[in-house]
Amino acid sequence: MQRVFSGIQPTGIPHLGNYLGAIRNWVTLQKDHDCLFCLVDMHSLTMPWSPEALREQTLASTACLLASGIDPTRLYNQSAVSAHARLGWIFNCVSRLGWLNRMTQFKDKAGKNRENHSAGLYVYPNLMAADILAFHATRVPVGDDQRQHLELANDIAQKFNHDMGVEFFPLIEPLIPPHAARVMSLRDGSKKMSKSDPSAQSRIILNDTADDIAQKIRKARTDAEPLPSEEAGLEGRPEARNLLTIYAAMSNRTLADVLSQFAGQGFGTFKQALADLLVETLAPVADETRRLMDDKAHLMQVLRQGAERARAVSEPIVSEAEKLVGFLR
């Protein structure tokens, strides 16, 4: 059974894009893989943060993941397992500046003000490599935007192995779902759905009520044209494509199938069908999330037990890596 590692930043309740892009896939993967799912709270410090908000958001993310079907024994928060930080420092010393300079995500996030960003944002791909390799994970579900970081993780692993004269860290294989839904803002089909968008109408979050979901879909931006029968008819219509993509992903159908069902119809009928589908799937998740949020002691216990399991797996691996680089114990 191959070991899978994946992490998500605990920035509050996940939204529909997180659910379709990652969480739903995690639930499937845990059935036939040895999975570890991590709330990467250390990565959260790479951007401005509030300590109190970080604590609350970590618990909220835990509740939502459990409500979505994640096995509680596989879930933990990164900072509770010291192996991440210890191996991360070793990888800071293995990784090369030239490699990090090629990372496009830092350039995108830092923009023109890069000199004022934290060093953590610059080197966080090294910590991401440690997150994975501390468990000798061989498969990582990622989106296309993280593929470059996985390539860096493999470069770091190979350099470590070469420098130490061992075959210690394994090759990591990206798991990129062939039909992963790219969920865009409900207010602007050219932008990804995001928790940072100032408009709450731009996203569906996983503790929205049924009424919230229906209202956001009704108000979602569209155009005046009827729905086409073929994908070519979506050219230049990003909002229409987005809503149809969401419907296809939620119903586990192809975009072509959905277009054939709704071809020629207006958005009124389609939006009602989409809202009904989303409510059917997400309302139970929202109800369970709210129930779990009322029992923070239980959520803390889940994270503690998950961290114990993660430590049991990672400690022998990282201790051996420390021995290989020459640390005394």
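For the structure given in this document, a descriptive report is provided here.

What counts, and at which threshold
- Residues numbered from 1 in each chain as written.
- Predicted model: local features only at pLDDT ≥ 70, side-chain atom pairs only at ≥ 80, totals over all residues.
- Heavy atoms only, no water.
- Patch = residues over 30% accessible without salt bridge, like charges linked within 9 Å, V, L, I, M, F, W, Y side chains within 5 Å.
- Areas by Shrake-Rupley, 256 points an atom, 1.4 Å probe, with all protein chains shown as cover.
- Salt bridge = Lys/Arg side-chain N within 4 Å of Asp/Glu carboxyl O.
- Helix = DSSP H or I, 4+ residues; strand = E, 2+ residues; numbered from the N terminus.
- Buried < 20%, exposed > 50% of the residue type's maximum accessible area, 1.4 Å probe, protein only.
- Pairing = 2+ DSSP bridges.
- Right-handed = clockwise from strand over helix to strand, strands pointing away.
- Contact = heavy atoms within 4.5 Å.
- Axes fitted to C-alpha atoms, helices over the stretch in contact; angles between N-to-C directions.
- Parallel < 35°, antiparallel > 145°, perpendicular 65-115°, else oblique.
- Left-handed = near helix turned anticlockwise from the far one by under 90°.
- Phe/Tyr/Trp six-rings, centres within 6.5 Å; stacked < 30°, edge-to-face > 60°.
- Lys, Arg positive; Asp, Glu negative; His and termini not counted.
- Polar contact = N/O pair within 3.5 Å; in protein donor to acceptor, adjacent residues only side chain to side chain.

Taken together, Met164, Val325 and Phe327 make up a surface patch of nonpolar side chains, about 220 Å² in accessible area. When you line up the elements, Phe327 lands in the segment after helix H12 (296-325).

It is worth spelling out the pairing of strand E2 (residues 34-39) at this point. Sheet faces and side chains relate simply in a regular strand, where the side chains alternate between the two faces. Of all six residues that make up E2, six are buried, and the element is covered over most of its length. Here E2 shows two buried faces, one formed by Asp34, Leu36 and Cys38 and the other by Cys35, Phe37 and Leu39. Inspection of the sheet shows strand E1 (residues 3-8) paired to E2 by six bridges, in the parallel sense. Within the sheet, the bridge partner assigned to Arg3 lies in E2 and is Asp34. After leaving E1, the chain enters helix H1 (residues 16-29) and then returns to the sheet as E2, a path that is right-handed. The sheet contact formed by E2 and strand E3 (residues 75-77) spans three bridges and is parallel.

As a further point, take the pattern of salt bridges. Pairing between side chains of opposite charge can happen when the charged atoms of each approach one another. As enumerated under the stated definition, the model contains 14 salt bridges in all. Glu315 serves as the salt-bridge partner of Arg86, at 3.0 Å between the closest nitrogen and oxygen. Of this pair, Arg86 sits in helix H3 (residues 83-94) while Glu315 sits in helix H12, placing them 229 residues apart in sequence. Among the residues examined, Arg86 registers a relative accessible area of 22% and is labelled partly exposed. According to the relative accessible area criterion, Glu315 is partly exposed, its value standing at 31%. One continuous salt-bridge network, built from bridges that share partners, spans Arg86, Glu315, Glu322 and Arg329.

Our next topic: the environment of Met184. Relative to the helices and strands, Met184 resides in the loop between strand E5 (173-175) and helix H8 (210-219). Its relative accessible area of 10% is what places Met184 among the buried residues. Spatially, the C-alpha atoms of Met184 and His298 are 34 Å apart, while their sequence positions differ by 114 residues. In this structure, Met184 is in contact with Gly189, Ser190, Lys191, Lys192, Met193 and Asn242, ignoring residues within four places of it in sequence.

Moving on to the packing of H3 against H12. Where H3 contacts H12, the two axes come as close as 10 Å, and the packing angle between them is 30°. Between H3 and H12, the crossing angle belongs to the class labelled roughly parallel. Where H3 crosses over H12, the two elements pack in a sense that is left-handed. Here H3 contributes Ala83, Arg86, Leu87 and Ile90 to the contact with H12, which in turn contributes Ser314, Glu315, Val318, Ser319, Ala321, Glu322 and Val325.

It is worth spelling out the packing of aromatic side chains at this point. What the rule picks out here adds up to 10 aromatic pairs. With centroids separated by 4.5 Å and ring planes inclined at 5°, the aromatic side chains of Trp26 and Phe37 adopt a geometry described as stacked. Residue Trp26 is found in helix H1, and its partner Phe37 is found in strand E2; the two are separated by 11 residues along the sequence. Judged on exposure class, the residue Trp26 and its partner Phe37 are both buried.

Here we take up the side chain of Asp41. If you trace the backbone, Asp41 turns up in the loop between E2 and helix H2 (51-68). In this structure, Asp41 is buried with no salt-bridge partner, the nearest side chain bearing the opposite charge being Arg55 at 10 Å. Reaching out from Asp41, the side chain makes a polar contact with the side chain of Asn77 at a distance of 3.2 Å. Not counting the four nearest positions on each side in its chain, Asp41 is found in contact with Pro10, Leu54, Thr58, Asn77, Gln78 and Ser79.

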